[in-house]
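Each chain, letter by letter, is given below.
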Amino acid sequence: MVTRAREGHIPSSFSIVDVVHHLYAKVLSYDAKNPQWPDRDFFILSKGHGCAGLYVVLEKFGFISKADLENYSQPGGILGGHPDVTCVPGVEASTGSLGHGFPTAVGLALGLRIQNRKNRVFALLGDGECNEGTIWESALVAAKQQLGNLVAIIDLNGSAAQILPVDPLVEKWKAFGWEAQEIDGHSAADLERVFSTLHLSPVGAPRAVIARTLKGKGVAMLEGHGMWHHKIPNDEELRSILKELS
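A short tour of the structure in this document, coming up. (Residues numbered from 1 in each chain as written. Predicted model: local features only at pLDDT ≥ 70, side-chain atom pairs only at ≥ 80, totals over all residues. Heavy atoms only, no water.)

Remarks on the overall build of the protein chain
Okay, step 1: What the protein chain contains, in helices and strands, is 10 helices and 5 strands.
Okay, step 2: Its C-alpha atoms give the protein chain a radius of gyration of 17 Å, within 12% of the compact-globule value 18 Å for 246 residues.
Okay, step 3: By its C-alpha atoms, the protein chain is 55 × 40 × 30 Å across when sized along the principal axes.
Okay, step 4: For the protein chain, the residues scored as buried account for 50% of the 246 residues in total.
Okay, step 5: Within the protein chain, contacts between residues at least 6 apart in sequence are counted, and of these 76% link residues at least 24 apart.
Okay, step 6: When the accessible surface of the protein chain is split by element, carbon and sulfur atoms take 54% of a total near 10900 Å². (Helix = DSSP H or I, 4+ residues; strand = E, 2+ residues; numbered from the N terminus. Rg over C-alpha atoms; globule rule 2.2 N^0.38 Å. Buried < 20%, exposed > 50% of the residue type's maximum accessible area, 1.4 Å probe, protein only. Contact = heavy atoms within 4.5 Å. Areas by Shrake-Rupley, 256 points an atom, 1.4 Å probe, with all protein chains shown as cover.)

Looking at the sheet that holds strand β5 (residues 207-212)
Okay, step 1: Strand order in the open sheet formed by 5 strands is β1-β2-β3-β5-β4, and the pairing between neighbours is parallel. Either end of the sheet is taken by a strand with one partner, and the two such strands are β1 (42-45) and β4 (179-184). Looking at each pair of strands side by side, their axes are set apart by 20° on average, direction ignored.
Okay, step 2: Two elements, strand β2 (residues 121-126) and strand β3 (residues 150-156), share 6 bridges in a ladder whose sense is parallel. When the sheet's bridge partners are listed, phenylalanine 122 is paired in β3 with valine 151.
Okay, step 3: Those strands touched by helix α3 (residues 17-27) are β1, β2, β3 and β5, and its axis lies near 170° from that of β2.
Okay, step 4: Against the sheet, helix α9 (residues 188-196) makes contact with β2, β3, β4 and β5, and its axis sits at roughly 160° relative to β4, the strand it touches most. (Pairing = 2+ DSSP bridges. Axes fitted to C-alpha atoms, helices over the stretch in contact; angles between N-to-C directions.)

Section: the pairing of β4
Okay, step 1: Bridge count for β4 against β5 is 6 bridges, and the pairing is parallel. When the sheet's bridge partners are listed, glutamine 181 is paired in β5 with valine 209.
Okay, step 2: In this fold, the crossover linking β4 to β5 by way of α9 has right-handed handedness. (Right-handed = clockwise from strand over helix to strand, strands pointing away.)

Description of the nonpolar core
Okay, step 1: Formed by 43 residues in total, the largest nonpolar core has its most connected members in Leu23, Tyr24, Phe43, Phe122, Ile153 and Phe195.
Okay, step 2: Of all elements in the fold, only α1 (2-5), α3, β1, α4 (51-60), β2, β3, α9 and β5 reach the threshold of two or more residues within this core.
Okay, step 3: Considering every element that reaches this core, the biggest residue donor is α4, with 6 residues.
Okay, step 4: The residues touching phenylalanine 43, leaving out its near neighbours within four places in the chain, are Val20, Leu23, Tyr24, Leu28, Leu54, Glu92, Phe122 and Leu124.
Okay, step 5: Within the second largest apolar cluster, 31 residues are counted, among which are Phe42, Cys130, Ile135 and Trp136. (Core = buried A, V, L, I, M, F, W, Y, C linked by side-chain atoms within 4.5 Å.)

Examining the side chain of glutamate 59
Okay, step 1: Tracing the backbone through its elements, the reader meets glutamate 59 in helix α4.
Okay, step 2: Accessibility expressed as a relative area gives 17% for glutamate 59, which makes it buried.
Okay, step 3: Discounting residues that sit within four places of it in the chain, glutamate 59 has contacts with Ile64, Ser65, Lys66 and Leu69.

Some details on the packing of helix α6 (residues 101-114) against helix α7 (residues 133-144)
Okay, step 1: α7 packs onto α6 with a crossing angle of 15° between their chain directions and a minimal axis gap of 9 Å. Judged by the inter-axis angle, α6 sits roughly parallel to α7. Note that α6 runs across α7; the crossing there is left-handed. Here Phe102, Pro103 and Val106 of α6 lie close against α7, whose contacting residues are Thr134, Ile135, Ser138, Ala139, Val141 and Ala142. (Parallel < 35°, antiparallel > 145°, perpendicular 65-115°, else oblique. Left-handed = near helix turned anticlockwise from the far one by under 90°.)

Some thoughts on the packing of aromatic side chains
Okay, step 1: This structure, assessed with the given rule, holds 11 aromatic pairs.
Okay, step 2: Relative to phenylalanine 61, the ring of tyrosine 24 lies with its centre 6.5 Å away and its plane at 25°, an arrangement referred to as stacked. Here the residue tyrosine 24 occupies a position in helix α3, and phenylalanine 61 occupies one in the loop between α4 and α5 (66-70), the gap between them amounting to 37 residues.
Okay, step 3: For tyrosine 24, a relative accessible area of 5% gives the class buried.
Okay, step 4: A centroid spacing of 4.8 Å and a plane angle of 75° characterise the contact between tryptophan 173 and tryptophan 178, whose relative ring orientation is edge-to-face. Side by side, tryptophan 173 and tryptophan 178 carry an identical accessibility label, which is buried.
Okay, step 5: Ring-pair connections join several aromatic residues into one group, and the members of that group are Tyr24, Tyr30, Phe43, Phe61 and Phe63.
Okay, step 6: Its end group placed over the ring of tryptophan 228, lysine 231 keeps NZ or CZ at 4.4 Å from the ring centre. (Phe/Tyr/Trp six-rings, centres within 6.5 Å; stacked < 30°, edge-to-face > 60°. Lys NZ or Arg CZ within 6 Å of the ring centre and 35° of its normal.)

Here's the deal with the pattern of salt bridges
Pairing of side chains with opposite charge becomes possible as their charged atoms draw close.
Okay, step 1: Scanning the model with the defined rule gives 10 salt bridges in all.
Okay, step 2: Between glutamate 179 and arginine 207 there is a salt bridge, with the nearest N and O atoms lying 3.4 Å from each other. One end of the pair, glutamate 179, is in strand β4; the other, arginine 207, is in strand β5, and 28 residues separate them in sequence.
Okay, step 3: Look at glutamate 179 and you get partly exposed, because its relative accessible area is 43%.
Okay, step 4: Its relative accessible area of 17% is what places arginine 207 among the buried residues.
Okay, step 5: One continuous salt-bridge network, built from bridges that share partners, spans Asp167, Glu182 and Arg212. (Salt bridge = Lys/Arg side-chain N within 4 Å of Asp/Glu carboxyl O.)

The structure is reproduced here in structure tokens:
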């Protein structure tokens, strides 16, 4: 999809796809045929550049079509290099400018509680995104307002470690008044254990799940950091990637 469009962030999508798939498969309440169902849970991908990982999950669970994936970042298509709430069924916020999606999720969680609604809000952030001041301002607001209907999932794939490290994240989120724990973001057992025991209520401490992941997970030449952050594979590289994934 990314190679065809010559646009996208493959390693950042690979690091989150296990988490996103688990949420849609086992955690979130939604109606793919009626994306605006009032009683749905809300998922916001705050690290919007990883949207290719979200799009393939939305297609698998019936929000969009294979034709939409084929038209990714093409004229007339609904899927762009960052998610657009005005175009994509199942997308709850336009994100990509880092530090904006999470404050939106906090406001949404507060608004839902004011309306006495039971919906839950899940936001997926990048660890590099946690260098943004808006993340911590919003974390303070969420703790002060006791937004127990809110979960922040931080994709700890090591991006921040390159320039401005953010570890220890568990301790930081706890210091801001959140309940926090770390998991292996690629472990089905860890994902099941944590999310099956998340009993959220409208009032209470918000929850942070620090998902330790590997950027480019699953393909040796993509794993880690460096030139592949926004690099598009050539034909030979694509064949090698697909061979390793299969």
